[in-house]
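Survey of secondary and tertiary structure
The residues making up each chain are set out below.
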Amino acid sequence: MMNWDGTGGMVQTWIFGLLVLLGVIVLGVVLVKAFTGGSSTTGGSNTTREMGADPGRGRIILDERYARGEIDIEEYQERLRNLEGDGR
């Protein structure tokens, strides 16, 4: 029979240390999510608000895209008419 007196305690110490390390990592992730809102701008729990469920949000997004130069004046005016319901 093998003598486990010296190695059994060492294995338990390693397992306990790994569990503590895992707990610290999980706690860190939870804290980061709690302080940053828990979602990114590409998805998450606020997708309906980010997709423009707020009536004025579409205008804000359109203004931002025009200001960044992503769309030209013609496309801006066309999309603005669509947002306002004119649709011509």
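Residues numbered from 1 in each chain as written. Predicted model: local features only at pLDDT ≥ 70, side-chain atom pairs only at ≥ 80, totals over all residues. Heavy atoms only, no water.

**A short note on helix α4 (residues 73–84)**
Taking 1.5 Å per residue as the helical rise, α4 with its 12 residues ought to reach 16 Å, and the 16 Å between its terminal C-alpha atoms agrees with that figure. Phi for Gly85, located one or two positions after α4, is positive at around 95°. (Helix = DSSP H or I, 4+ residues; strand = E, 2+ residues; numbered from the N terminus. Expected span 1.5 Å × (residues − 1).)

**Thoughts on the pattern of salt bridges**
For the coordinates displayed, the defined rule picks out five salt bridges. Between Glu70 and Arg65 there is a salt bridge, and its shortest N-O distance comes to 3.0 Å. Note that Arg68 and Glu70 form a salt bridge whose closest N and O atoms lie 2.9 Å from each other. Arg68 gets classed as exposed once you look at its relative accessible area, which sits at 54%. The class of Glu70 is partly exposed, set by a relative accessible area of 45%. (Salt bridge = Lys/Arg side-chain N within 4 Å of Asp/Glu carboxyl O. Buried < 20%, exposed > 50% of the residue type's maximum accessible area, 1.4 Å probe, protein only.)

**Here's the deal with the packing of aromatic side chains**
Counted by the stated rule, this structure contains one aromatic pair. Arranged with centres 4.8 Å apart and planes meeting at 35°, the rings of Tyr66 and Tyr76 form a pair that is tilted. Separated by 10 residues along the polypeptide, Tyr66 in helix α3 (residues 57–68) and Tyr76 in helix α4 bring together distant segments of the chain. Owing to a relative accessible area of 12%, Tyr76 belongs among the buried residues under this scheme. (Phe/Tyr/Trp six-rings, centres within 6.5 Å; stacked < 30°, edge-to-face > 60°.)

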